[in-house]
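# What the coordinates show
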Amino acid sequence: MKRTLLLLTLFLVTYSTVQAQKKSELFAQIEALKSELDSVNGLVTTARKNEKVSTARAESFEGQVIELQDANATLLKNLTSFAEVSNKNSENINNVLASLEEKESQLKGINDAIASNDSTAIVALTNAKQTLGENAKVGVANGALVISESLDMLFGGSANTTVNPTAEPWIGKVAQLLKVNPSMSLTVEGLSMTGELGLATQQAAAIASLIQSKFEIDAGRIMVQGKDGNFKEGINFKIHPKYNEFYAMVKGNVKN
């Protein structure tokens, strides 16, 4: 009986010792698991923080991308507008250049017409000096050949309106200049220093009538004018282009 109790006691002690060891191991394992759990929780917390930071950065990047897209779209729109404006400016510049070329061509036509008239006037001046002599009062003014002569020589006095017969040969030489220059016309200009333009006009008309009737110059090529001579009197023979034809030539050059 005593032996049985002893064995039972020994069994219980042994069992208690074993159970105590197992319980201690379990506590140790639990502590280890708690430690691992805390470590995992820390990692999870850190991961969540990193996730929030990453999400915020991603959202920031998305905002930047949207802003860049908007800026790019605006830039493309501005570039398109600039290209349209540039094209319009180029078109305007081309139109201006074309207009300038047209104006230059028109001016060239006018200058050519004036140059042609000036050349004709210079030729007429040479002919006048050869025909009337080097002492004749001959010059070129405003594209016209101007021949001046006194009233005494042409009329025998400033108050007369009948051409002096001795002056007719000289007037015939003026008419000859018109014949060798068929593109030119004549203006007979009577100058008065007393303001009597009626008398000056009658004297000019008398000479024009003589040139027409005796020297057979077409009346359409002859004009008469009386004007104030500014303290000078006499007759000016102005041989110049036919103004209507000259104007038509210039107008034609401008149109062409």
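Our subject in this report is the structure included herewith. Computed from a prediction, not measured in an experiment: that's the story for all the values here.

Rules behind the numbers
- Residues numbered from 1 in each chain as written.
- Predicted model: local features only at pLDDT ≥ 70, side-chain atom pairs only at ≥ 80, totals over all residues.
- Heavy atoms only, no water.
- Helix = DSSP H or I, 4+ residues; strand = E, 2+ residues; numbered from the N terminus.
- Buried < 20%, exposed > 50% of the residue type's maximum accessible area, 1.4 Å probe, protein only.
- Contact = heavy atoms within 4.5 Å.
- Areas by Shrake-Rupley, 256 points an atom, 1.4 Å probe, with all protein chains shown as cover.
- Patch = residues over 30% accessible without salt bridge, like charges linked within 9 Å, V, L, I, M, F, W, Y side chains within 5 Å.
- Salt bridge = Lys/Arg side-chain N within 4 Å of Asp/Glu carboxyl O.
- Pairing = 2+ DSSP bridges.
- Axes fitted to C-alpha atoms, helices over the stretch in contact; angles between N-to-C directions.
- Polar contact = N/O pair within 3.5 Å; in protein donor to acceptor, adjacent residues only side chain to side chain.
- Expected span 1.5 Å × (residues − 1).

Summing up its helical and strand segments, the chain has 5 helices and 5 strands in all. Taking all 256 residues of the chain together, 23% fall into the buried category. Intrachain contacts of the chain at a sequence separation of at least 6 include 71% that bridge at least 24 residues. Within the structure as shown, the chain displays about 17,600 Å² of accessible surface, and the carbon and sulfur contribution to it stands at 57%.

All right, on to a nonpolar patch on the surface then. A cluster of nonpolar residues, Leu26, Phe27 and Ile30, forms a patch on the protein surface that exposes about 290 Å² of accessible area. Residue placement: Leu26 occurs in helix α1 (residues 2-132).

Tallied over the entire structure, the rule returns 3 salt bridges. The salt bridge involving Lys214 is made with Glu168; its shortest N-O contact spans 2.4 Å. Note that Lys214 is positioned in the loop between α4 (197-213) and β4 (222-228) and Glu168 in helix α3 (residues 168-180), a separation of 46 residues in sequence. Its relative accessible area of 18% is what places Glu168 among the buried residues. Across the salt bridge formed by Glu189 and Lys238, the nearest N and O atoms sit 3.4 Å from each other. Of this pair, Glu189 sits in strand β3 (residues 184-192) while Lys238 sits in strand β5 (residues 234-241); the two residues are 49 residues apart in sequence, bridging distant segments of the chain. Judged by relative accessible area, which is 24%, Lys238 ranks as partly exposed. Sharing partners across several salt bridges, the network here consists of Glu189, Lys227 and Lys238.

This brings us to the sheet that holds β5. If you walk across this open sheet you meet the 5 strands as β1-β2-β5-β3-β4, and the pairing is mixed. Edge positions in the open sheet fall to β1 (137-141) and β4, since each of these has one partner strand only. Between one strand axis and the next, the sheet turns through 25° on average, direction left out of account. Those strands touched by α4 are β3, β4 and β5, and its axis lies near 160° from that of β4.

Summarising burial for β3: 9 of the 9 residues are buried, a large majority. In β3, alternate side chains face the same way, and those of Met184, Leu186, Val188, Gly190 and Ser192 on one face and Ser185, Thr187, Glu189 and Leu191 on the other are all buried. Here β3 pairs with β4 via 7 bridges, running parallel. In the sheet register, Glu189 faces β4, and the bridge partner there is Gln225.

Its location among the elements puts Asn236 in strand β5. You can call Asn236 buried: its relative accessible area is 11%. Within polar-contact distance, the side chain of Asn236 engages the side chain of Ser148 at 2.7 Å. Setting aside anything within four residues of it in sequence, one finds Asn236 in contact with Val146, Ile147, Ser148, Thr187, Val188, Glu189 and Leu191.

Another point: α4. The end-to-end C-alpha distance of α4 is 24 Å, a good match for the 24 Å that 17 residues give at a rise of 1.5 Å each. All buried positions along α4 are accounted for by Ala200, Gln203, Ala204, Ala206, Ile207, Ala208, Leu210 and Ile211. At its buried positions, α4 is contacted by α2 (151-155), α3, β3, β4 and β5.

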